[in-house]
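Each chain, written out:
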Amino acid sequence: MVQKYQSPVRVYKHPFELVMAAYERRFPTCHLIPMFVASDVVEEEGNEEGSTNRVERRCALDVDAPRLLKRIAGVDYVYFIQKNTLNRKERTLHIESHNETFSNRVIISETCCYSVHPENEDWTCFEQTASLDIKSFFGFESTVEKIAMKQYASSIKKGKEIIDFYLNELEDEGIINVPRWTPSSPPVSLPRPTSLFTSPTVLCFCVTDKLDADYIKRYLGDLTPLQESCLIRLRKWLQETHKGKIPKDEHILRFLRARDFNMEKAREILCQSLTWRKQHQVDYLLETWTSPQVLQDYYTGGWHHHDRDGRPLYVLRLGQMDTKGLVRALGEESLLRHVLSINEEGLRRCEENTKVFGRPISCWTCLVDLEGLNMRHLWRPGVKALLRIIEVVEANYPETLGRLLILRAPRVFPVLWTLVSPFIDENTRKKFLIYAGNDYQGPGGLVDYIDKEIIPDFLAGECMCEVPEGGLVPKSMYRTAEELENEDVRMWTETIYQSASVFKGAPHELLIEIIDASSVITWDFDMCKGDVVFNIYHSKRAPQPLRKDPLGAHVITSPVGNNVQLIDKSWMLGQDYSMVETSLTCKEGESVQGSHITRWPGFYILQWKFHNMPACSATNLPRVDDVLATLQVSSHKCKVMYYTEVLGSEDFRLVFVCVSFILFSSPIHV
């Protein structure tokens, strides 16, 4: 498996030339890097005007590895080939390197880049990427991988410290400015990289769309270099596949933490959550959702200041809540939407507290008072609703609960806990603190987590808490199952998106009839699972309703959406129908938007077709990567969520003019 790393942008608040002077001082060896023992210049060249200089060096490293491993490998030092390109005119230094030792068994590559900050020419930016691919190493592949990643993480951490050390040394010597290069300037000696190894692709970047190291520390917290790399790579992947519609950095980080920074697993659950949010318009929930009066009167929960760590504090008097009455009066879906609005408000409060307290706050504390909990809270439909709410929240708001304080737990609590705990993530369960009776009032109790001044009055505190006291919901407010079902359906079908399944040999097709030529067909769809090929066809005649075969294969209904086929197998492309747009291959996780201006009236068919991996051109046999990718698509089934709309040409031009006006009148473009 290939291990990859990408750093955030690290900013030195010093001019490029001064940073290069500091950088040069770490050679030929550096006492701050004991493992860097020697280097030899293999080749050096420059242009006539002296603006560029290229140097190739062979560097020796004394890697901190077990003696037994070194004896088996038969080496004392590990050698790297390093190629540096300094462009004094453009004020950039590109560094590429790869390992020479064991290059047939291990491939290590890295790219570093120093450049001028795009918004301040007196600052310098640094960024690096690297990859590690261990093919075989005498049966010690896992050990070598751990050693390499440990050494690299240590090297990354030291890199900035080394430059800062030599910048301070220059300042102590009175050197605070190095003149910029001009055509008459004498050549300047070339500096060397600060890292353990470097890679063969020249890196070009723009700070505006990347994460700054200082920003990460201020708003996201202390992350290891490899954790930073996971965040940056996942963020970049989302930018490329979701056309800029990505969640905030702190939310991406929550999904990474929920999967122990396994990027593939985090990406999978994050994409599922983004699709869910889009389908149910959760991003607009705080603006569109108004709690029914019965919730305002009888839902015994609310926000209440913050805990000692600055986390927002949510208080829930579960023991005083009539769960049966709320479910009977509102239905499961209304309760779920209310809980989602609480979580959305929690995310907003975390952002606000991050600014107020000057440190990253990404989760909240929940205080649950169980006084009054009894067997009526174990009403089966109520427990079912609770389990579903937990399931949805766990899937879409991971790592948002920093601590759960459960107070005054009665004897019936173990029964409820046995029912609920299997549905709660293990990492989340570790954050639970449970107090029976009045134990919360003593040492190690509530005052360890919440300031005494804001402990609610119903817990013998001094602070008035505005959380409703609850009580029994009047039975006159109960509604029949039919009434609740109709409202629930209406609530969760308030989405403009539709879902469909695509199978191998069974594409999903959508028919759009166009009366006026020059209309505009627009589409927006997300690939939830698998890869498809998206096509648009035109036909002068409407497809006839397909007769189902004995197995009913033409129209397939599945839990995740329908599969409809319109193009008859007897139709011939070019005669009965024609392709009007080039085929587009859409990968899993991608978000695709587009439009087509129709040239003729008639019938247009939008088709999502299962993507078959191409065979190797030389042998007609599939490639290994293709086979592995095919195996990842379970049962040859894809899932797509889509929305389409037809606009008249005048409407489309009006939208285009409005969008153009907004974009080009924005201060960004001034």
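Scope of this entry: the structure provided in the associated data block. (Residues numbered from 1 in each chain as written. Predicted model: local features only at pLDDT ≥ 70, side-chain atom pairs only at ≥ 80, totals over all residues. Heavy atoms only, no water.)

## Some details on the environment of E45
(1) Moving on: Following the sequence through the fold, E45 ends up in strand 3 (residues 36-46).
(2) Moving on: Along the primary structure E45 and T85 are separated by 40 residues, whereas in three dimensions their C-alpha atoms are 9.8 Å apart.
(3) Moving on: When sequence neighbours within four positions are dropped, the list of residues in contact with E45 reads N53 and R54. (Helix = DSSP H or I, 4+ residues; strand = E, 2+ residues; numbered from the N terminus. Contact = heavy atoms within 4.5 Å.)

## A short note on the side chain of H251
(1) Moving on: Mapped onto the secondary structure, H251 falls in helix 6 (residues 249-258).
(2) Moving on: Exposure remark for H251: the relative accessible area of 8% places this residue in the buried category.
(3) Moving on: Dropping the residues within four chain positions of it, H251 is found in contact with L347 and N396. (Buried < 20%, exposed > 50% of the residue type's maximum accessible area, 1.4 Å probe, protein only.)

## Section: the pairing of strand 8 (residues 120-134)
(1) Moving on: The sheet contact formed by strand 2 (residues 10-12) and strand 8 spans 3 bridges and is antiparallel. Bridging from a neighbouring strand, Y12 pairs with T124 of strand 8.
(2) Moving on: Where strand 7 (residues 106-117) lies against strand 8, 12 bridges are found, and the strand directions are antiparallel. Each bridged residue has a counterpart across the sheet, and for C113 the counterpart in strand 8 is E127.
(3) Moving on: What sits between the antiparallel neighbours strand 7 and strand 8 is a turn of 2 residues. (Pairing = 2+ DSSP bridges.)

## Thoughts on the pattern of salt bridges
(1) Moving on: The final tally for this structure, using the stated rule, is 29 salt bridges.
(2) Moving on: Note that E371 is salt-bridged to R408, the shortest N-O span being 3.3 Å. Taken as a pair, E371 in the loop between strand 11 (364-369) and helix 12 (380-396) and R408 in strand 12 (residues 401-409) lie far apart in primary sequence, 37 residues in all.
(3) Moving on: Residue classification places R408 among the buried residues on the basis of a relative accessible area of 14%.
(4) Moving on: When the shortest N-O distance is used, the salt bridge between D531 and K587 registers 3.8 Å. Of the two residues, D531 is situated in the loop between strand 16 (520-529) and strand 17 (532-539) and K587 in the loop between strand 21 (584-586) and strand 22 (591-597); the sequence distance between them amounts to 56 residues.
(5) Moving on: Judged by relative accessible area, which is 15%, D531 ranks as buried. (Salt bridge = Lys/Arg side-chain N within 4 Å of Asp/Glu carboxyl O.)

## Here we look at the environment of P601
(1) Moving on: With respect to the secondary-structure elements, P601 resides in the loop between strand 22 and strand 23 (602-610).
(2) Moving on: Owing to a relative accessible area of 44%, P601 belongs among the partly exposed residues under this scheme.
(3) Moving on: Taking the C-alpha atoms as reference points, P601 and A517, 84 residues apart in sequence, are found 5.1 Å from one another.
(4) Moving on: Sequence-distant contacts of P601, defined by excluding residues within four places in its chain, comprise I514, I515, A517 and H538.

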